[in-house]
Amino acid sequence: MAAFSFSVLARDGRARLGRLVTPHGEMETPVFMPVGTAGAVKAVLHRDLREIGARILLANTYHLMLRPGDDLVAALGGLRGFTGWEGPFLTDSGGYQVFSLASLRKLDEDGARFQSHIDGSAHLLSPERSMQIQANLGADIAMAFDECPPADAPREVVAEATARTTRWARRCRAAHRVNDQALFGIVQGGVELDLRERSARELIDLDFPGYAVGGLSVGEPPPERDRVLDHLDPILPGDRPRYLMGVGSPEDLIESVARGVDMFDCVLPTRNARNGQLFTRHGRLSIRNARYRDDPRPPDPDCPCPTCSTASRAYLRHLHRSGEMTAATLMTLHNLFFYLDIMEGLRQSIRLCRFEEYRRSTLRSLAATEQDGSSSDTR
């Protein structure tokens, strides 16, 4: 695919510095993709995302299918024309909703029959329909339709979901017709290493231009996630990008880069911001805490983001407690900048062959806690 390419520029251990080229922009990896479920990252403008260094956004197939409808998005120029974001998009397949909306769907070999959470209308999301929707959305990277089993599912349920994911991946491959859109396969298998390996090898036979690892953000403990990634690292093709779906905290990203992962997305930085939690180089900060009522310091004195350059903790606490929309905007900008800055640090450390040093020092600082108490109060 001429419009899509990936190359590894440097390695330090298993950590990789890469270049990902898409039809609407290129970027270095490891890369974090802010989540724009409905075509927008909550509380922030595209202009601000570009200024803080975002290069690619994730949008949600299921939600956009229901509202405003993928046909409308296609008629208005795909996601780029519809939203005004000029860079690349990655769209998930809707497979996560097979897991997260279990009470509203019935699953069979054809696909997932959903009852819309918006108006109760009935929909069939199949591999072929997922490919059609993602074609209409015009994403640079589309995902194969998969079945994501719960973390506590018994082995036989995980085995069947894994086998179905491969069958659906074949149907996605056959139905995918967009020449300037890369289709990634999704490795499933829970925490069962033999099922993960089988899934990976079957998908490799289908020769996808990239491979995602799904089902590791649904309740599995980090050691189990790391064990799966350790096992998959020598199996997945070294010349294709690797995408860990839905993970996670800054610590999770660092540990996953150490195991050969190139791409990430997660709602954590945006969701936590709206709930008043900020990520800093000195541990997490809950702006609701009463001790910040008259604190003139920025959220993170070492951070050059637009929020830390202009807003005090006292001001952010006031905005958050007052229910001002600006609170979500300022804190989301900070958290996303923090994530993107962590990724830049990872890329530079790999380039300079100092990844382990960066990994140890950053994990140590992220584990820090402020020493003056942590009571949360609404006074």
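**Q** Any chance you could explain helix 13 (residues 313–322) here in plain terms?
**A** Within helix 13, burial applies to Arg313, Ala314, Leu316, Arg317 and Leu319. Elements that come into contact with the buried residues of helix 13 comprise strand 15 (277–280), strand 16 (283–286), helix 12 (306–310) and helix 14 (325–351). A positive phi of about 75 degrees marks Gly323, the residue just after helix 13.

**Q** Would you mind showing me how to read unusual backbone geometry here?
**A** Leaving glycine out, the prevailing phi sign among residues is negative, and the prevailing peptide bond configuration is trans. Cis geometry marks the peptide bond from Arg67 to Pro68, where omega comes out at 10 degrees. Positive phi values are uncommon outside glycine, yet Asp207 reaches one of about 55 degrees. The topology assignment puts Asp207 in the loop between helix 8 (193–205) and strand 12 (210–213). Phi at Cys353 takes a positive value of approximately 60 degrees, unusual for a residue other than glycine. For Cys353, the position within the fold is in the loop between helix 14 and helix 15 (355–366). Using a relative accessible area of 54% as the deciding quantity, one classes Cys353 as exposed.

**Q** I tried to follow the packing of helix 7 (residues 155–175) against helix 8 on my own but got confused; where do I start?
**A** Angle between the axes and distance between the axes: these two values describe a pair of packed helices. At a closest axis distance of 10 Å, the pairing of helix 7 and helix 8 adopts a crossing angle of 5 degrees. What the angle tells us is that helix 7 and helix 8 run roughly parallel. Contacts between helix 7 and helix 8 involve Arg155, Val158, Ala159, Thr162, Thr166 and Ala169 from the first element and Asp194, Leu195, Ser199, Glu202 and Leu203 from the second. Looking at side-chain class alone, the contact of helix 7 with helix 8 contains five nonpolar, three polar and three charged residues.

**Q** I keep staring at the environment of Leu101 and nothing clicks. Help me out?
**A** Tracing the backbone through its elements, the reader meets Leu101 in the loop between helix 5 (95–100) and strand 7 (105–108). By relative accessible area, which is 18% here, Leu101 ends up buried. Residues Leu101 and Phe114 lie 13 residues apart in sequence; the distance between their C-alpha atoms is 8.3 Å. With sequence-adjacent residues up to four places away left out, Leu101 is seen in contact with Tyr62 and Phe114.

**Q** Teacher, can you tell me more about the sheet that holds strand 1 (residues 5–12) here?
**A** Sheet strands line up and pair through hydrogen bonds in the backbone, either parallel or antiparallel. Spatial ordering of the open sheet is given by 1-2-3, a layout of three strands whose pairing is antiparallel. Each edge of the sheet is formed by a strand with only one pairing partner; in this case those strands are strand 1 and strand 3 (25–29). The mean angle between the axes of side-by-side strands here comes to 10 degrees, regardless of whether they run parallel or antiparallel.

**Q** Please clarify how the pairing of strand 9 (residues 122–125) should be interpreted in this entry.
**A** Remember that side chains alternate between the two faces of the sheet whenever the strand is regular. The sheet contact formed by strand 8 (residues 111–115) and strand 9 spans four bridges and is antiparallel. Of the residues in strand 9, the one forming a bridge with Gln115 is Ala122. The loop that links strand 8 with its antiparallel partner strand 9 comprises six residues; one of these, Gly120, has a positive phi angle of about 80 degrees.

**Q** Would you mind going over the side chain of Ser349 with me for this structure?
**A** With respect to the secondary-structure elements, Ser349 resides in helix 14. Ignoring any residue separated from it by four or fewer positions in sequence, one finds Ser349 in contact with Asp12, Arg354, Phe355 and Tyr358.

**Q** In this structure, what is going on with a nonpolar patch on the surface? I would like to understand it.
**A** Taken together, the side chains of Leu72, Leu76 and Phe82 make up a nonpolar region of the molecular surface, amounting to roughly 250 Å² of accessible area. Position of Leu76 among the secondary structure elements: in the loop between helix 3 (70–75) and helix 4 (78–83). By relative accessible area, Leu76 is classed as partly exposed at 45%.

**Q** Honestly, the packing of aromatic side chains in this entry has me stumped. Any pointers?
**A** Each aromatic ring pair is described using two quantities: the centre-to-centre distance and the angle formed by the ring planes. In this structure the tally under the stated criterion is seven aromatic pairs. Between Phe4 and Phe184 the ring centres are 5.9 Å apart and the planes differ by 80 degrees, which places this aromatic pair in the edge-to-face class. With a gap of 180 residues between them, Phe4 in the segment before strand 1 and Phe184 in strand 11 (residues 182–187) connect regions that are remote in the sequence. With a relative accessible area of 7%, Phe4 lands in the buried category. With relative accessibility at 0%, the residue Phe184 sits in the buried group. When the ring of Phe145 is compared with that of Trp168, the centres are 4.7 Å apart and the planes differ by 20 degrees; the resulting orientation is stacked. Here Phe145, found in the loop between strand 10 (141–143) and helix 7, pairs with Trp168, found in helix 7; they are 23 residues apart in sequence, far enough to count as distant. Just as Phe145 is buried, Trp168 falls in that class too. Through successive ring pairs, a cluster of aromatic residues spans Phe32, Phe279, Phe338 and Tyr339.

**Q** I keep staring at the pattern of salt bridges and nothing clicks. Help me out?
**A** Note on pairing: side chains with opposite charge can pair once their charged atoms come close. Applying the stated rule across the entire model yields 36 salt bridges. The salt bridge involving Arg14 is made with Asp233; its shortest N-O contact spans 3.9 Å. Of this pair, Arg14 sits in the loop between strand 1 and strand 2 (15–22) while Asp233 sits in the loop between helix 9 (222–232) and strand 13 (242–244), and the two are 219 residues apart along the sequence. Between Asp295 and Arg297 there is a salt bridge, with its nearest N and O atoms 2.8 Å apart. A relative accessible area of 7% means that Asp295 is categorised as buried. Residues joined in a network through salt bridges with shared partners are Arg14, Arg225, Asp226, Asp230, Asp233, Arg242, Asp252, Glu255, Arg259, Glu356, Arg359 and Arg360.

Rules used throughout
Residues numbered from 1 in each chain as written. Predicted model: local features only at pLDDT ≥ 70, side-chain atom pairs only at ≥ 80, totals over all residues. Heavy atoms only, no water. Buried < 20%, exposed > 50% of the residue type's maximum accessible area, 1.4 Å probe, protein only. Helix = DSSP H or I, 4+ residues; strand = E, 2+ residues; numbered from the N terminus. Contact = heavy atoms within 4.5 Å. Axes fitted to C-alpha atoms, helices over the stretch in contact; angles between N-to-C directions. Parallel < 35°, antiparallel > 145°, perpendicular 65-115°, else oblique. Nonpolar A, V, L, I, M, F, W, Y, C, P; charged D, E, K, R; others polar. Pairing = 2+ DSSP bridges. Patch = residues over 30% accessible without salt bridge, like charges linked within 9 Å, V, L, I, M, F, W, Y side chains within 5 Å. Areas by Shrake-Rupley, 256 points an atom, 1.4 Å probe, with all protein chains shown as cover. Salt bridge = Lys/Arg side-chain N within 4 Å of Asp/Glu carboxyl O. Phe/Tyr/Trp six-rings, centres within 6.5 Å; stacked < 30°, edge-to-face > 60°.

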